[in-house]
Amino acid sequence: MGDYDVLMAKTRAMYGKLLKREDYNELLKQKSVGDVVYYLKHNTYYGNILTDVNEGEIHRGQFEKILRKSLMNDYDKLFCFTHGKIRDFLKVIYLRHEIDSLKRLLRVLETKGTTSTAEESLIFLKNYDPLHIAKLATVQNIRELINELKGTPYYDVLRPFLNEKDGDNLFMIEMSLDLYYVNMVFSKKKTLLSGLDAETVTRSLGTEIDILNLLWIYRGRIIYNMDRSIVLSYLIPHRYRLPMDLIYELVDATDKDAFMQITAQSRYSELFLSEDSRFYDLKFSEYMYDFHRRMLRNYGFSIASAISYLYLKEYEISNIVSIIEGIRYGMPVETIRSFIVGM
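Remember, predicted model here, so these are calculated numbers, not experimental data.

Draft legend 1. Representation of the overall build of the protein within the structure. A tally of helices and strands in the protein yields 17 helices and zero strands. Its C-alpha atoms give the protein a radius of gyration of 21 Å, near enough to 20 Å, the size a compact globule of 343 residues would have. Based on the C-alpha atoms only, the size of the protein along its principal axes is roughly 55 × 50 × 45 Å. Within the protein, residue pairs in contact and separated by at least 24 positions form 61% of the contacts whose partners lie at least 6 positions apart. Total accessible area on the protein stands at roughly 16,700 Å², and carbon and sulfur atoms take up 49% of it. Computed over 46 positive and 47 negative side-chain charges, the separation of the two mean positions in the protein equals 3 Å.

Draft legend 2. Molecular detail of the packing of helix α15 (residues 280–298) against helix α16 (residues 304–328). As a packed pair, α15 and α16 sit with axes 9 Å apart at the nearest point and diverge in direction by 145°. Crossing hand, α15 versus α16: left-handed. Contacts between α15 and α16 pair S285, M288, Y289, H292, R293, M295 and L296 from the former with A304, S305, S308, Y309, Y311, L312 and Y315 from the latter. Along the lines of polarity and charge, the residues of the contact of α15 with α16 split into nine nonpolar, four polar and one charged.

Draft legend 3. Just the environment of I340, in detail. Counting through the fold element by element, I340 comes out in the segment after α17 (333–337). You can call I340 buried: its relative accessible area is 1%. Taking the C-alpha atoms as reference points, I340 and L179, 161 residues apart in sequence, are found 28 Å from one another. Those residues in contact with I340, other than ones at most four positions away along the chain, are Y24, L28, E286, N319 and I323.

Draft legend 4. A look at helix α10 (residues 170–192). End to end, α10 covers 32 Å across 23 residues, agreeing with the expected 33 Å (1.5 Å per residue, within 8%). Those residues of α10 hidden inside the fold are in contact with α6 (84–110), α8 (142–148), α9 (153–158) and α11 (195–223).

Draft legend 5. Broad picture of a nonpolar patch on the surface. Together, F279, Y329, M331 and F339 give the surface a local cluster of nonpolar side chains, amounting to about 390 Å² of exposed area. Within the secondary structure, F279 is located in the loop between α14 (256–263) and α15. You can call F279 partly exposed: its relative accessible area is 31%.

Draft legend 6. Examining the nonpolar core more closely. With 113 residues, the main nonpolar core has V36, L40, Y46, F63, F89, I303 and I323 as its most contacted residues. Here this core gets 14 residues from one element, more than from any other, and that element is α16. When neighbours within four sequence positions are excluded, V36 is seen to be in contact with L27, Q30, F63, I320, I323, I324 and I327.

Draft legend 7. Representation of the pattern of salt bridges in the model. For the coordinates displayed, the defined rule picks out 18 salt bridges. Its salt-bridge partner being K29, residue E26 comes within 3.1 Å of it at the nearest N-O pair. By relative accessible area, which is 29% here, E26 ends up partly exposed. Classification of K29 as exposed rests on a relative accessible area of 51%. Shared partners join several salt bridges into a network, and the residues in it are R60, E64, R68, E325 and R328.

The rules we used
Residues numbered from 1 in each chain as written. Predicted model: local features only at pLDDT ≥ 70, side-chain atom pairs only at ≥ 80, totals over all residues. Heavy atoms only, no water. Helix = DSSP H or I, 4+ residues; strand = E, 2+ residues; numbered from the N terminus. Rg over C-alpha atoms; globule rule 2.2 N^0.38 Å. Contact = heavy atoms within 4.5 Å. Areas by Shrake-Rupley, 256 points an atom, 1.4 Å probe, with all protein chains shown as cover. Lys, Arg positive; Asp, Glu negative; His and termini not counted. Charge placed at Lys NZ, Arg CZ, Asp CG, Glu CD. Axes fitted to C-alpha atoms, helices over the stretch in contact; angles between N-to-C directions. Left-handed = near helix turned anticlockwise from the far one by under 90°. Nonpolar A, V, L, I, M, F, W, Y, C, P; charged D, E, K, R; others polar. Buried < 20%, exposed > 50% of the residue type's maximum accessible area, 1.4 Å probe, protein only. Expected span 1.5 Å × (residues − 1). Patch = residues over 30% accessible without salt bridge, like charges linked within 9 Å, V, L, I, M, F, W, Y side chains within 5 Å. Salt bridge = Lys/Arg side-chain N within 4 Å of Asp/Glu carboxyl O. Core = buried A, V, L, I, M, F, W, Y, C linked by side-chain atoms within 4.5 Å.

Okay, here's the thing in structure tokens:
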């Protein structure tokens, strides 16, 4: 069998187990986090990871940790069905979850919140031998956190912020971590991938970057009226199908109508059709969800089969979290439904 025959078969099988529309409809009927856990435990593939969980006692933080562990387990499964450069590249994709774990802790520290439960958010960092997770979860400020990252690439990324006052540069710190990830992916793509594999990664990450840059320009210029030089300085320096001259036009847009007229010239025009800008992030998620379903269907005999499956699994976890949050805050079912990606 070819390099991708087994991987495609595995990802298709895993994709077939993801939650269906009827599962989401049932989850929307539940009245508590425990009810959601009970349904997933007895009616879906999550039963394998929820076997020893008492749904009557589990709290939201524990449940989210289990969901993240499920995603990590899927990475482990795919690692088993890949080898050589393909496996090495999947390990690079894994970095985005490590970075997300760090961001969670950074936000806790920035808001002066308690880090006593932060260890639950660091599940994706456990593969780093130099890190002592229990100690990392007890740091008191961002400076201490950066120092605890010594021995990892993240220390080199964040070391310039050691002398900054906590709370002043959280946005810049997060942008630095995101840029590190993007640069790493494009760098490793050149050395590890070729042909269709390289093409699908360029298409996947490039599309995501284009949209993130569009959202950033919209927020920076239209919502917050930030100086154009600042907006340009924080753009992710990689483009796919967003010409630089169009970016300059968007940065110079004087209002929302002008911005929308300019985006109408791009392939991403549908993302900004809503009159309510609060839904742009949801539109982005819907766009990327459909994108990865197409990639999984059309490019199964490439690394896209693994990458797109993992993205779809992330959206599923995000959907479950949206449901339990909606239930906790007593939101109407139809309001919760509107935040479920793929429905």
